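# Coordinate inspection notes
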Amino acid sequence: MADENGSAFDAVEQGPEASGRNTEAPHGGASDPAEHPSVTALQGRFDSAALRHEVQAGDQHVVFLDPGSNRTVLAWLRDDPEQRYDLLVDVTAVDYGGGRPLQIVYQLWSVPHKRALRIKCELPLDGLSIDSVVQLWNAANWLEREVYDLFGVEFRDHPDLRRILMPQNYAEGHPLRKDFPLRGRFSRAEQTRRALSQDYHDDYTPEELEVGGAPGLAPPELPISTDEVGDAP
Amino acid sequence: MGMSDGEGTDPLSLAEIEALGQAEGRQGGLLGFGHPTFLTTKVDFVVNWARRNSLWPMPFGTACCAIEMMASAASNFDLARFGMERMSFSPRQADVLICAGRVPYKLAPVLRRIWDQMMQPKWCVSMGACASSGGVFDTYSMVQGIDTIVPVDVYVPGCPPRPEGLIYGLMMIQEKIRQESLTEHYGLREENPSLVGRPRAGDEEVEALAGPFGNSTQQDHLSSAAQTTRPERSEDLLP
Amino acid sequence: MTEKILELPESRTLSEPMLINIGPQHPATHGVLRLICELDGETVLKVTPDIGFLHSSFEKLGEYRTWNQIVPLTDRMDYLAPLMYNCVYVMAVEKLMGLEVTERCKVARVLCMEMERIFSHLLWLGTTAIDVGAFTPFLYAFQERERIYTLHENYTGARITTSATRVGGMMADFPDGWTDSLRDFVKTFPKTLNEIDSLLTTNGIHLGRTLDIGVISGEDAINYGFTGPNLRASGVDYDLRKDNPYYDYETYDFDVPIGGKGDCYDRYLVRMEEMRQSLRILEQALDRLPGGPINVADPRVSLPSKTDCMNDMESMIHHFKLITEGISVPAGDCYFAVEGSKGELGMYVVSDGGEKPVRWRIRPPSFVNLSVIAKLAEGHLVSDLIMINASLDIVLGEIDR
């Protein structure tokens, strides 16, 4: 009966906790840094860089960092014996839309200490550039490339920052941004034509094209003149 | 076959064949021109029987449908009993292109190239909803049906279609082959060399084939709570 | 046992290297993957994977779907273990909502996830064996997979794209006799697994193709982001079911196989043993499957019963709102990971209080696993490259999303 669901009408009235009518990106509730040892240590050591701390989904600790110091703080998180976040689980980005800053999200896990931590850096939409952490974790190589491809964030000092999921000649922009329409910017006919006109040279890095003097990629220039017939080989 | 004395070695065009047929009268004798006769239907019968019972599929499997295609080839459903056990991964030796799975725009030139590399006679099966029309993925990266890129003979709907569905589709190809005739352009597909590597159809047809329909027409609403900047250019707005 | 054929000198090589493309259409790349290889004869100097040939923009699509409408999308990513993806997605949303599912649902999801682990490993086994040249294990593995397909079909109606979970529970309870069929499978599967074992594990050809191929140390593996059987084969004891348990995994009695050397053979052994351990978990879960409702009676997510809807105005409106608008998830973000068949499978969902997510991020284990192939294959032969690629157990649907 209606009893086991409570009064169903009340539940409908309750609705979600926060409506999106405010302009700030949503953040979690009251946070107790003391519950997570890394957060306390981080806040103690990097007082200026650790901007904010919150707890999401009950027990997931998130620390907001100043984007300029992400590499320093993440290096400490990886190397300090009390923290030892040696596994970089994920690097991603969140675009809230409406002109709000883009959040770069690092998900970390410490294999020896069995702890998780989430680090976020907020970037303004006109300054989407942050230091790459590939030197710290090689796992970040492809993960950052994907964020570059889909969001347009430039990772400084990344060894190979190219598109990874979209074709190299993709000209419609960065798909996961909120101002990018679901079906893309061009018409389907245009997308088909562009897809079929992908130049294979785009698929290779410049170093690869140099391999072996790049013999097979371009047909050799043949003499066209009929007057100058050389000696038979 | 069907060449009259000393007419040169170029194959006759369909119009020329028709003209010859009409000049000779509708009976045409044993070697008819432009319409099947006793001898040509017997040759057709044998050739088509051989072709349809020894099709070598080219499995262009990308996603979930590819797994169902593998299941069709495995012991429970067994494509081998149709003569299709030899999955030819080289397009040069394949007869039927089974495009199983979704094809994004990045993969489109690869599909087109594989199709172009296949030798005549060749057929194409579009397996699954994604290959036939884009499926659930009416997005920026997905080809909305491979018939915008390659000519398709049979569409097998499903997401993914059961192996029985794929087998039914392949049997339809076999039926199609059974009804072919060598007198019609030698039983080969009309192909225009200038279309190699290009879309299969012009812009209007591609737009018509790839237009949004059904649920896709409502897929422009983000979370009602999210404030986003609406696309400014008029061409980015949905119709 | 092969050793590296050529030690790479500083001055590169004696002859000119060549650039060869493997894929994206190739029988052995396990999906549409392109490997750009710089070869010196048969030796791989450098290999660069090129992905994106199956990019289906799942994450973008998710932003236009209500929370429950995303479940059918999750099957199509890792099509080798669809129920696993169904489960982890709704587990992430439930964690964000602070929603606790029923006991029956927990055990049911454990059953589904372990069944999917076997399902996925069987396909890995079949295709890896084919890459080595052994055709028979492929047929045996697919015959066993057919039995799991039948289980999927009896439960959800679909063989592969199951879409079995919903936020707050499952789409339906198990039909009568389903658990008996699963128990049957658990009893008879070891026989086939032993047959395949006898064909491959001590087979000289298989050993020659896999021993000492693609070795990676534990430390390097962690730094490169390896998770799952690949990481455990390198000697690192990291299994989310033990280290960050969910759904009472700490109460199940099972072992986690750890490899010694980190080569292809270890990865093979780890996965074979994992299948046996999954059978143990399945037996225990089947024994402890409690009765009771499978869906939680939480007004935020669960539909009122039809009887109530027909008799009660509030229930009718509640039902109407839940169907037309979808559920609402409170603002916040949540990262939830499970031990998937390929590694740490995580979902990061961001909500702003609405009925569609702001961001739905999938942390695909194969994506990070594949990026290591460049390091693993350097100095090996092309045929070893194929074996290494097979031993990583990648699925392109998850990599490209």
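Predicted, not measured: the structure shown is a model, and the values here were computed from it. (Residues numbered from 1 in each chain as written. Chains lettered and ligands numbered in written order. Predicted model: local features only at pLDDT ≥ 70, side-chain atom pairs only at ≥ 80, totals over all residues.)

### Quick word on the overall build of chain C
From N to C terminus, chain C includes 17 helices and eight strands. On C-alpha atoms alone, chain C measures out to a radius of gyration of 22 Å, which is about the 21 Å that the 2.2 N^0.38 rule sets for 401 residues. For chain C, the spread of C-alpha atoms along the principal axes amounts to about 85 × 45 × 35 Å. Burial status across chain C gives 61% buried among its 401 residues. Residue pairs in contact within chain C that sit at least 24 positions apart in sequence constitute 69% of those at least 6 positions apart. (Helix = DSSP H or I, 4+ residues; strand = E, 2+ residues; numbered from the N terminus. Rg over C-alpha atoms; globule rule 2.2 N^0.38 Å. Buried ≥ 20, exposed ≤ 12 C-beta atoms within 10 Å, placed from the backbone. Contact = placed C-beta atoms within 7 Å.)

### Considerations on the nonpolar core
Membership of the largest hydrophobic core comes to 224 residues, with the highest contact counts inside it found for Cys99(B) and Val88(C). If you tally residues by element for this core, the top one is helix 4 (residues 103-132) of chain C, at 16 residues. Excluding anything up to four places from it in sequence, Val88(C) contacts Phe336(C), Val338(C), Leu345(C) and Met347(C). (Core = buried A, V, L, I, M, F, W, Y, C linked by C-beta atoms within 7 Å.)

### Quick look at helix 5 (residues 136-156) of chain C
Helical geometry note: an α-helix holds 3.6 residues per turn, so side chains three or four residues apart project in the same direction. A rise of 1.5 Å per residue sets the reference length of helix 5 of chain C, with its 21 residues, at 30 Å; its end C-alpha atoms lie 30 Å apart and thus fit the reference within 8%. Among the residues of helix 5 of chain C, those classed as buried are Pro137(C), Phe138(C), Tyr140(C), Ala141(C), Phe142(C), Glu144(C), Arg145(C), Tyr149(C), Leu151(C), His152(C), Tyr155(C) and Thr156(C). Along its buried surface, helix 5 of chain C packs onto helix 3 (64-73) of chain B together with helix 4 and helix 6 (178-200) of chain C. Looking at the residues trailing helix 5 of chain C, positive phi occurs at Gly157(C), about 95°. (Expected span 1.5 Å × (residues − 1).)

### Comments concerning the interface of chain A and chain C
With 51 residues of chain A at the contact, the number on the chain C side is 59 residues. Those elements that place two or more of their residues in the side of chain A that touches chain C are helix 1 (8-14), strand 3 (87-94) and helix 4 (140-151) of chain A.

### Considerations on the sheet that holds strand 1 (residues 57-61) of chain B
All names here are of chain B. Pairing in this open sheet of four strands is parallel, and the strands run 1-2-3-4 from one edge to the other. Each having just a single partner strand, strand 1 and strand 4 (154-156) make up the two edges of the open sheet. The mean inter-strand angle of the sheet, taken between neighbouring strand axes irrespective of direction, is 20°. Relative to strand 2 (residues 96-100), strand 1 runs parallel, the two being bridged by five bridges. Residue pairing for strand 2: Pro 59 is matched across the bridge by Ile 98. (Pairing = 2+ DSSP bridges. Axes fitted to C-alpha atoms, helices over the stretch in contact; angles between N-to-C directions.)

### Structural notes on the environment of Asp312(C)
Mapping Asp312(C) onto the fold places it in the loop between helix 12 (306-311) and helix 13 (313-325). Residue classification places Asp312(C) among the partly exposed residues on the basis of 19 C-beta atoms within 10 Å.

### A closer look at the sheet that holds strand 6 (residues 332-339) of chain C
All names here are of chain C. Read across the sheet, three strands follow the order 6-7-8 without closing on themselves; strand pairing throughout is antiparallel. Both edges of this open sheet fall to strand 6 and strand 8 (359-363), since each of them pairs with a single strand only. Each strand axis lies, on average, 10° off the axis of its neighbour in the sheet, ignoring direction. In this structure, strand 6 lies alongside strand 7 (residues 344-351), joined through eight bridges in antiparallel fashion. Note that in strand 7 the partner of Ala 337 across the bridge is Gly 346. Where helix 3 (residues 82-97) meets the sheet, it contacts strand 6 and strand 7, and its direction lies at approximately 145° from that of strand 6.

### Section: the environment of Glu184(B)
Residues and elements named next belong to chain B. Relative to the elements of secondary structure, Glu 184 occurs in the loop between helix 6 (163-178) and helix 7 (203-210). Using a count of 15 C-beta atoms within 10 Å as the deciding quantity, one classes Glu 184 as partly exposed. Measuring from C-alpha to C-alpha, the distance between Glu 184 and Thr 62 comes to 34 Å, with 122 residues separating the pair along the chain.

### Things to note about the packing of helix 3 of chain C against helix 4 of chain C
Residue and element names in this part refer to chain C. Two elements in contact, helix 3 and helix 4, have axes separated by 7 Å at closest approach and are oriented at 140°. Taken together, the axes of helix 3 and helix 4 lie oblique to each other. Crossing angle aside, the handedness with which helix 3 passes helix 4 is left-handed. When helix 3 is examined against helix 4, the residues Leu 83, Met 84 and Cys 87 are found in contact with a partner set consisting of Arg 109, Cys 112, Met 113, Met 115 and Glu 116. Among the residues forming the contact of helix 3 with helix 4, the class breakdown is six nonpolar, no polar and two charged. (Parallel < 35°, antiparallel > 145°, perpendicular 65-115°, else oblique. Left-handed = near helix turned anticlockwise from the far one by under 90°. Nonpolar A, V, L, I, M, F, W, Y, C, P; charged D, E, K, R; others polar.)

### Re unusual backbone geometry
Omega for the bond connecting Gln120(B) with Pro121(B) falls within 30 degrees of zero, at -10°, which places this linkage in the cis form. Within the secondary structure layout, Pro121(B) lies in the loop between helix 4 (108-117) and strand 3 (123-127). Here the residue pair Gly23(C) and Pro24(C) is connected by a cis peptide bond, since its omega of 0° sits within 30 degrees of zero. On the secondary structure map, Pro24(C) appears in the loop between strand 1 (18-22) and strand 2 (34-40). The phi torsion at Asp157(A) lies on the positive side, around 70°, for a residue other than glycine. Following the sequence through the fold, Asp157(A) ends up in the loop between strand 7 (154-156) and helix 5 (188-196).

### Focus on the packing of helix 4 of chain C against helix 11 (residues 264-288) of chain C
Residues and elements named next belong to chain C. At a closest axis distance of 9 Å, the pairing of helix 4 and helix 11 adopts a crossing angle of 155°. Our classification of the angle between helix 4 and helix 11 gives roughly antiparallel. Helix-helix and strand crossings are classified by hand; for helix 4 and helix 11 the assignment is left-handed. Between helix 4 and helix 11, the contacting residues are Val 107, Val 110, Leu 111, Glu 114, Met 115, Arg 117, Ile 118, His 121 and Trp 124 on the first element and Arg 271, Glu 274, Met 275, Ser 278, Ile 281, Leu 282, Ala 285, Leu 286 and Arg 288 on the second. Considering only residue class, the contact of helix 4 with helix 11 consists of 11 nonpolar, two polar and five charged.

### A closer look at the environment of Arg193(A)
Residues and elements named next belong to chain A. Mapped onto the elements, Arg 193 comes out in helix 5. What makes Arg 193 partly exposed here is the crowd of 15 C-beta atoms within 10 Å. A C-alpha to C-alpha distance of 43 Å links Arg 193 and Asp 66, two positions 127 residues apart in sequence.

### As for the pairing of strand 1 of chain B
Residue and element names in this part refer to chain B. Most of strand 1 is tucked away, with five of its five residues classed as buried. Taking every second residue as pointing to the same face, both faces of strand 1 are buried, with Pro 57, Pro 59 and Gly 61 on one and Met 58 and Phe 60 on the other. Considered for its hand, the β-α-β crossover made up of strand 1, helix 3 and strand 2 is left-handed. (Right-handed = clockwise from strand over helix to strand, strands pointing away.)

The analysis is restricted to geometry; functional conclusions fall outside its scope.
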